[in-house]
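Coordinate inspection notes
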Amino acid sequence: MRRTTIPFGPQHPVLPEPLVLDLILEDEKVIDAIPTIGYIHRGLEMMVERVEYTEMGFVVERICGICSFMHGMGYCVSLESIMNVEVPERAGWLRLIWAEISRIQSHLLWLGLGADAFGFENLFMHCWRMREQILDIFEKTTGGRIIHSVNRIGGVKRDISDSELAAILVQLQELGEAFKTTARVFGTDPSIAHRLGGVGVLSMEDARAVDAVGPMARASGIATDTRLIGANFYDRIELEPVTETAGDCLARVVVRLREIDQSIDIVRQAIEKMPKGEGLPLENKPRGNPNGEVFTRLEQPRGEVLYYVKANGTKNLERFRARTPTFANIPAMIKLVKGCDLADVPNIILTIDPCISCTER
Amino acid sequence: MPNPLKLPMIPRALRNLVSKPATRRYPFEIRPRFAGARGTIEFDVETCNYCMLCARRCPAAAITVSREERTWAIEQLTCIACGVCVDVCSKHSLSMSVNSRAVHLRSEVGPQGQRPGHEEWHKPAPAATDIPAVAGVPAPAASQGA
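Reading guide: rules and limits
- Residues numbered from 1 in each chain as written.
- Chains lettered and ligands numbered in written order.
- Predicted model: local features only at pLDDT ≥ 70, side-chain atom pairs only at ≥ 80, totals over all residues.
- Heavy atoms only, no water.
- Helix = DSSP H or I, 4+ residues; strand = E, 2+ residues; numbered from the N terminus.
- Rg over C-alpha atoms; globule rule 2.2 N^0.38 Å.
- Buried < 20%, exposed > 50% of the residue type's maximum accessible area, 1.4 Å probe, protein only.
- Contact = heavy atoms within 4.5 Å.
- Areas by Shrake-Rupley, 256 points an atom, 1.4 Å probe, with all protein chains shown as cover.
- Lys, Arg positive; Asp, Glu negative; His and termini not counted.
- Charge placed at Lys NZ, Arg CZ, Asp CG, Glu CD.
- Salt bridge = Lys/Arg side-chain N within 4 Å of Asp/Glu carboxyl O.
- Patch = residues over 30% accessible without salt bridge, like charges linked within 9 Å, V, L, I, M, F, W, Y side chains within 5 Å.
- Pairing = 2+ DSSP bridges.
- Axes fitted to C-alpha atoms, helices over the stretch in contact; angles between N-to-C directions.
- Core = buried A, V, L, I, M, F, W, Y, C linked by side-chain atoms within 4.5 Å.

Observations concerning the overall build of chain A
From N to C terminus, chain A includes twelve helices and eight strands. Here chain A has a C-alpha radius of gyration of 21 Å; the compact-globule value for 361 residues is 21 Å, and the two agree. On the principal axes, the C-alpha backbone points of chain A span a range of 70 × 45 × 35 Å. Expressed as a percentage of the 361 residues in chain A, the buried residues total 60%. Considering only contacts in chain A between residues 6 or more positions apart, those separated by 24 or more positions represent 71%. Carbon and sulfur atoms provide 51% of the accessible area of chain A, an area that totals close to 13800 Å². Charge separation in chain A, taken as the distance between the mean sites of 41 positive and 49 negative side-chain charges, equals 3 Å.

Things to note about the overall build of chain B
When helices and strands are counted, chain B shows four helices and five strands. Secondary structure elements of chain B, listed N to C terminal, follow the sequence α-β-α-β-β-α-β-β-α. Expressed as a percentage of the 146 residues in chain B, the buried residues total 34%. Sequence separation of 24 or more characterises 62% of the internal contacts of chain B that already satisfy a separation of 6 or more.

Structural notes on the pattern of salt bridges
Residue and element names in this part refer to chain A. Tallied over the entire structure, the rule returns 33 salt bridges over all chains. Here Arg 218 and Glu 259 are joined by a salt bridge, their closest N and O atoms 2.6 Å apart. Placement of Arg 218 in helix H8 (residues 214-219) and of Glu 259 in helix H9 (residues 249-273) is noted, with a sequence separation of 41 residues between them. The pair Arg 218 / Glu 259 is uniform in exposure class, with both members buried. Through salt bridges with shared partners, a single ionic network connects Glu 100, Arg 103, Arg 218, Asp 225, Arg 227, Glu 259 and Glu 299.

Regarding a positive patch on the surface
Side chains of Lys 285 and Lys 315 of chain A together with Arg 56, Arg 57 and Arg 67 of chain B sit close together on the surface and give a patch of like positive charge. Residue position: Lys 285 of chain A is located in the loop between H9 and strand S6 (291-300). For Lys 285 of chain A, a relative accessible area of 66% corresponds to the exposed category.

Concerning the pairing of strand S5 (residues 118-122) of chain B
Residue and element names in this part refer to chain B. Counting buried positions along S5 gives four out of five residues, so the element sits mostly inside the fold. Relative to S5, strand S3 (residues 71-75) runs antiparallel, the two sharing five bridges. Considered in S5, the bridge of Ile 74 is made with Glu 119.

Here's the deal with the sheet that holds strand S8 (residues 317-323) of chain A
Residues and elements named next belong to chain A. The antiparallel open sheet is built from three strands, whose spatial order is S6-S7-S8. The open sheet is flanked by S6 and S8, the only strands paired with a single partner. The sheet shows a mean angle of 10° between the axes of neighbouring strands, taken without regard to direction. For strand S7 (residues 303-312) and S8, the ladder comprises six bridges, and the chain directions are antiparallel. When the sheet's bridge partners are listed, Leu 306 is paired in S8 with Arg 323.

Remarks on the nonpolar core
Residues and elements named next belong to chain A. If you look at the biggest cluster of nonpolar residues, it comprises 120 residues, and the most contacted ones within it are Tyr 75 and Phe 186. For this core, the element with the highest residue contribution is helix H3 (residues 89-117), accounting for 16 residues. Not counting residues within four places of it along the chain, the set of residues in contact with Tyr 75 comprises Tyr 53, Met 56, Gly 57, Val 60, Ile 153, Leu 317 and Phe 320.

Examining the sheet that holds S5 of chain B
Residue and element names in this part refer to chain B. Across the sheet, three strands lie side by side as S2-S3-S5; this open sheet has antiparallel pairing. The sheet terminates laterally at strand S2 (63-66) and S5, the two strands that pair on one side only. The sheet shows a mean angle of 10° between the axes of neighbouring strands, direction not considered. By the bridge criterion, four bridges tie S2 to S3 in an arrangement that is antiparallel. Within the sheet, the bridge partner assigned to Ser 66 lies in S3 and is Thr 71.

Coordinates in, geometry out; function isn't part of it.
Below is the structure:
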């Protein structure tokens with residue numbers, strides 16, 4: 001049969017992300033998909049050569065607008081381990097709380113976009129309505145809705161008072177309760193089940209073979225979660241990875257829905273366990289210039305992110321590299337797209353939660 | 001297979017028909033900025049000692065300070081509102097206001113080719129007693145806190 005090649009992206013109605021994919025079709029079936037990476041490459045990693053290491057955190061934060069807090073945190077954690085700086089306890093807990101709130105924010109954003117992609121605009125509005133309130137929490141506590149700029153090497157810039165933390169927890173729990181009615185729609189609506197159920201199935205073996213990360217792997221039944229390594233105070237949190245076994249698009253939606261509840265619970269545990277009081281130290285300023293190299297792993301909303309930092313004792317780092325979760329999930333996406341119908345391609349691509357801004361940096 | 005007669009969104013949609021909208025009528029109803037929000041940098045020329053630390057530490061290189069000419073200038077459209085300059089200023093001349101950045105047109109170029117959003121302060125030598133002259137466009141009093 002004659003093959004047709006159609007471009008999917010960089011501009012595509014279903015996806016705000018500039019993903020570039022060439023789909024090779026036989027009739028309506030996708031035979032192959034060829035990704036091209038680099039359409040929005042900005043050379044942020046190269047900037048370490050001319051931006052001082054103290055200022056680079058603000059650049060790293062701008063890798064992505066959805067997980068900007070985690071990027072800033074990952075950079076600071078890397079530099080702290082090179083420079084042997086110990087983060088004050090309250091600062092570490094505050095980072096954990098902000099990281100979990102940003103996970104809720106990211107999942108809500110994605111659930112909205114996913115609903116929009118499979119044609120459920122009403123649901124999209126409901127998800128983003130809750131996300132707006134989460135962004136308000138960020139604006140109150142960090143000063144920014146998207147770019148937070150609270151991470152410093154050695155701690156955090158701002159404190160959240162204990163009363164405000166309690167209010168945030170109450171607000172999150174109320175939002176979580178209110179969101180349950182919206183979340184139920186994802187699980188019970190027949191049109192969603194028809195559109196996503198059984199589509200793009202990634203078996204556990206395949207997920208291992210292509211090294212899927214994050215919710216993508218967990219939806220296929222692999223209980224992997226970088227938070228389980230226990231760094232950044234996660235060892236003091238009771239945490240069970242959310243897993244589903246179906247491995248289809250619907251399972252990936254359900255994993256993210258359940259992770260919102262899990263994150264609210266982690267925020268609750270953190271607020272209970274963190275040291276209370278006003279005026280506790282938040283920042284241990286590093287001395288001198290960094291020298292050494294380190295790998296850091298964090299669990300971002302989309303999966304495991306890996307930072308490599310090499311410093312040579314000067315003000316500028318020698319090398320900085322981030323391997324983002326979307327980059328790790330591209331082989332899984334290609335595997336799923338092969339053999340599916342053209343109409344299912346948008347849903348399959350969306351359920352890996354692609355962040356091209358992260359991927360191409 | 002889920003029951004096709006079960007449409008869980010219907011009660012929610014009916015409730016939305018009679019409930020208040022989730023959005024604000026924006027130009028008529030504006031939510032005030034939160035107290036800790038990061039907006040624009042405000043500068044107090046009287047207390048500045050031109051140590052240049054803010055200019056050196058600014059990640060966006062938005063601040064230019066001249067010790068000889070006793071001028072302090074900021075490009076408001078280049079500033080990323082990270083707050084580093086406010087932290088390092090030992091004289092507390094800098095503060096972060098919650099006001100969001102003013103809108104500037106591309107045509108707003110100053111007489112010496114200053115970019116839109118350029119604000120500049122000049123403090124005469126300590127002997128002088130008059131109020132600080134404004135050497136840039138637009139005037140800081142007019143553009144700040146807008």
